[in-house]
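# Structural overview
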Amino acid sequence: MCGIIGVLGEHQAAPLMVEALKRLEYRGYDSAGIATVHEGRLDRRRAVGKLVNLQDLLVDSPLAGRAGIGHTRWATHGAPTVSNAHPHAAGPVAVVHNGIIENFRELRAELSALGVNFESETDTETVAQLVAHHLRQGKSPAEAAQATFGRLEGAFALALLFDGEEDLLIAARLGSPLAVGHGEGEMFVGSDAIALAPLTDRVTYLDEGDWAVVTRAGVQVYDKTNAPVERPVKRIAIDAARIEKGGHRHFMAKEIAEQPTVLGEMLGHYLDASGDIHFPDALPDFGTVDRLVMVACGTAFYACQTAKYWFEQLAGLPVEIDIASEFRYRQPPIGANTAALFVSQSGETADTLAALRHCKGRASHILSVVNVPESSIARESDLALPIRAGVEVGVASTKAFTCQLGVLALLAVRAAEARGRLDAAGVAEKIGMLRSVPGLMNLTLGLEPEIERLAGGLAEARDILFLGRGPMYPLALEGALKLKEISYIHAEGYASGELKHGPIALIDQAVPVIVFAPTDGLFDKTVSNMQEVMARHGQVLLITDKAGAARAAEGTWETLVMPTCDPLFAPIVYALPAQLLAYYTALAKGTDVDQPRNLAKSVTVE
Ligand code: M6R
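Since the structure is predicted, the reported quantities are computational estimates derived from the model, not experimental observations.

Parameters and conventions
- Residues numbered from 1 in each chain as written.
- Predicted model: local features only at pLDDT ≥ 70, side-chain atom pairs only at ≥ 80, totals over all residues.
- Heavy atoms only, no water.
- Helix = DSSP H or I, 4+ residues; strand = E, 2+ residues; numbered from the N terminus.
- Rg over C-alpha atoms; globule rule 2.2 N^0.38 Å.
- Contact = heavy atoms within 4.5 Å.
- Areas by Shrake-Rupley, 256 points an atom, 1.4 Å probe, with all protein chains shown as cover.
- Lys, Arg positive; Asp, Glu negative; His and termini not counted.
- Charge placed at Lys NZ, Arg CZ, Asp CG, Glu CD.
- Pairing = 2+ DSSP bridges.
- Axes fitted to C-alpha atoms, helices over the stretch in contact; angles between N-to-C directions.
- Near = heavy atom within 4 Å.
- Polar contact = N/O pair within 3.5 Å; in protein donor to acceptor, adjacent residues only side chain to side chain.
- Salt bridge = Lys/Arg side-chain N within 4 Å of Asp/Glu carboxyl O.
- Buried < 20%, exposed > 50% of the residue type's maximum accessible area, 1.4 Å probe, protein only.
- Expected span 1.5 Å × (residues − 1).
- Parallel < 35°, antiparallel > 145°, perpendicular 65-115°, else oblique.
- Left-handed = near helix turned anticlockwise from the far one by under 90°.
- Phe/Tyr/Trp six-rings, centres within 6.5 Å; stacked < 30°, edge-to-face > 60°.
- Lys NZ or Arg CZ within 6 Å of the ring centre and 35° of its normal.

## Comments concerning the overall build of the protein chain
Helices and strands together make up the secondary structure of the protein chain, namely 19 helices and 25 strands. In summary, the protein chain has a C-alpha radius of gyration of 25 Å against a globular reference of 25 Å for 606 residues, a match within 12%. The principal-axis extent of the C-alpha atoms belonging to the protein chain is close to 80 × 50 × 45 Å. Looking at the protein chain alone, contacts between residues at least 24 apart form 71% of all its contacts between residues at least 6 apart. Carbon and sulfur atoms provide 49% of the accessible area of the protein chain, an area that totals close to 21900 Å². Treating the 54 positive side-chain charges of the protein chain as one cloud and the 73 negative ones as another, the clouds have centres 2 Å apart.

Written as structure tokens, this is what we have:
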């Protein structure tokens, strides 16, 4: 969702904030804006659309000042217009906000009754107007902020800047992440460590309900009861190279290409030279767990859906999976011996976080598999296992997906061992298979020119279907999600066997059907379903291995021959053609690959 930066600097704040907003633009790009205080006067600039429009505005109309706040928006309340863009100002205060103020209608009505006029349709302006109201009552900025925060319901990360105050930022968080950065005689506020990384490597993460008074001399944090508290200063290590495109045209292309490396590094982290898996001691004993509940959203959910096959087949462990936005509200019974596992790249997805909180006190263990180790989901888990994919900037998740699958595969092998389903030789065999995956990914990346050519044949389609069976079924869903989110082509994933129960009515010669079918125990059944499609003039792109191509390529529109891999972990390797097909189809269509319309990387609202 929206990105926030705040600067109390030694030098001009605007250039620093624009650079930080570039790093945060993946969180939202409907509009952007900054405000500064210069010679005691608060001023702001805002522009609709990508950050470049704000940069152009600042060329014509620069903004001086060493203190400032900035924002890149993913619209929730009110269309992407200048008047709805942040920072929102009310008299002597300007506010940037990530999240949703759920009681803004009541607050707005209250303030309107007092004669306050609103200039935007946003929930955020209510915060600015409420602070301004308290300032008019004679409160100091900190008192006005405190009184306002106490009235807000919902989720928020906020940064406030005040007229006449060139050494003051006030920040607050509830439900949305916010970090304070410590420089040398400078202080910063940011939505995440990526925003702050080039500015400082010393960061204080605010806890739920915290608010903070920031000056160049330091920060005073208050907890939700308004008591002063100490929060630790942590060193962050974000490799700047990991947030650059590194010669690639898009972050997504870079992140696809990085997969063999980051997956190999992740395996190296959890495995020793002899192939023993090393998880922290806090990992539950899967031998005594009755059931595993796995919850996530989007691509992370498809990682859970894939892993369900592994936990059930390898470990005989009953697994329930659900999307986070449904899980919490259906109030599922959770037995005392149930472990709950949450998967999230960002670790900040509001629905997943809410589902985790629902399981607290109910499940025997709260585990998470995350990419951002300091995220809310990681911090609120009994044990967080990092996927170590490095910063993922492209809105379409790629390397996080395959690294999530890698960690989940290791967990499934560990569970199989703990439940007596795999002996030492069995474990070694599975680990050997996993260790071969980075090499197989490298071979698959060698097919990129071929995949680019195939994507050329998809770009004109109106609808595309993806089919798979067994662990390839979630990959069919993931392939369809990837394609629709960046190419805007309507795509659906189906279990191959389900097609004849309805979706086959969609098939005609204009509908490409992409079939993931490594030679496995289900291959012949998948091929039968593929034949049913071809009999109805569907254009099949078969993605299989050499043996599969020899048996079933005849009559297909195209066949992509993948390196031969063990079927169990094939979804990790076959994810690459799914990602590359989406990428090159989007390129052929000329869409914005890294920042597709209507989307944001991190979804911190429910
Ligand atoms: O950060 P999370 O993994 O919790 O995000 C979950 C989804 O929002 C995310 O996977 C989304 O579906 C991606 N855009 C898919 O590419």
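## Overview of the sheet that holds strand β23 (residues 512-516)
One open sheet holds the five strands; their spatial order is β22-β21-β23-β24-β25, and the pairing between them is parallel. Two strands lie at the open edges of the sheet, namely β22 (490-495) and β25 (558-562), each paired on one side alone. Each strand of the sheet is rotated relative to its neighbour by a mean of 20°, with strand direction disregarded. Two elements, β23 and strand β24 (residues 539-545), share five bridges in a ladder whose sense is parallel.

## Focus: the site of the ligand
The full set close to the ligand counts 14 residues, and Ser-344, Gln-345, Ser-346, Thr-349 and Glu-485 are the nearest of them. One of the side-chain N or O atoms of Ser-344 is found 2.6 Å from an oxygen atom in the ligand. Contact distances for the ligand include 2.9 Å between an oxygen atom and a backbone N or O atom of Ser-397. Computed on the free molecule, the ligand has an accessible area of 410 Å², of which 90% lies beneath the protein chains in the complex. Elements supplying a minimum of two residues to the shell around the ligand: α9 (298-315) and α16 (472-487).

## Examining the pattern of salt bridges
Enumeration over the complete set of coordinates arrives at 32 salt bridges. Residue Lys-399 pairs with Glu-258 through a salt bridge whose shortest N-O separation is 2.6 Å. With Lys-399 in helix α13 (residues 399-418) and Glu-258 in the loop between α7 (251-257) and α8 (259-270), this residue pair connects regions lying 141 residues apart in the sequence. Since its relative accessible area comes to 0%, Lys-399 is described here as buried. On the accessibility criterion, Glu-258 (15% relative accessible area) is buried. The network of salt bridges with common partners includes Arg-173, Glu-208, Arg-357, Lys-360 and Glu-380.

## Digging into α8
End to end, α8 covers 17 Å across 12 residues, agreeing with the expected 16 Å (1.5 Å per residue, within 8%). Along α8, the positions that sit buried rather than exposed are Gln-259, Pro-260, Val-262, Leu-263, Met-266, Leu-267 and Tyr-270. Next to the buried residues of α8 lie α7, β20 (383-386), α13, α14 (424-445) and α19 (570-589).

## Notes on the side chain of Asp-123
Mapped onto the elements of the fold, Asp-123 is located in the loop between α3 (104-113) and α4 (124-136). Within the buried core, Asp-123 has no salt-bridge partner, and the shortest N-O distance to an opposite charge, that of Arg-73, equals 6.2 Å. Apart from residues lying up to four places away in sequence, Asp-123 is in contact with Thr-76, His-77, His-97, Gly-99, Ile-100, Ile-101 and Phe-104.

## Considerations on the environment of Ala-459
Note on placement: Ala-459 falls in the loop between α15 (448-456) and β21 (463-468). Exposure remark for Ala-459: the relative accessible area of 7% places this residue in the buried category. The sequence separation of Ala-459 and Gln-305 amounts to 154 residues, and the corresponding C-alpha distance is 28 Å. In this view, Ala-459 contacts Ile-489, Thr-585, Ala-588 and Lys-589; residues no more than four positions away in its chain are not counted.

## Topic: the pairing of strand β7 (residues 154-162)
Here β7 lies mainly inside the structure; eight of its nine residues are buried. In this sheet, β7 lies alongside strand β6 (residues 93-101) in antiparallel orientation, the contact comprising nine bridges. Among the inter-strand pairings, His-97 is bridged to a residue of β7, identified as Leu-158. Inspection of the sheet shows β7 paired to strand β8 (residues 169-174) by five bridges, in the antiparallel sense. Paired with Leu-158 across the bridge in β8 is Ala-172.

## Notes on the packing of α4 against helix α5 (residues 141-149)
The contact between α4 and α5 brings their axes to 8 Å, and the two run at 130°. Between α4 and α5, the interaxial angle falls into the category oblique. Viewed along their axes, α4 and α5 form a crossing whose handedness is right-handed. Residues Val-127, Leu-130, Val-131, His-134 and Leu-135 of α4 touch α5, and the partners they reach there are Pro-141, Ala-144, Ala-147 and Thr-148.

## Considerations on the packing of aromatic side chains
Centre distance and the angle of the planes are the two values used to describe a pair of aromatic rings. In total, this model carries eight aromatic pairs according to the counting rule given. Ring plane angle 20° and centroid distance 4.5 Å describe the contact between Trp-211 and Tyr-222, whose orientation is recorded as stacked. Of this pair, Trp-211 sits in strand β12 (residues 211-215) while Tyr-222 is found in strand β13 (residues 218-222), placing the two residues 11 residues apart along the sequence. Put simply, the rings of Phe-149, Trp-211 and Tyr-222 pair up and form one aromatic cluster. Sitting above the plane of the Tyr-29 ring, Lys-50 keeps its charged end 5.5 Å from the centroid.

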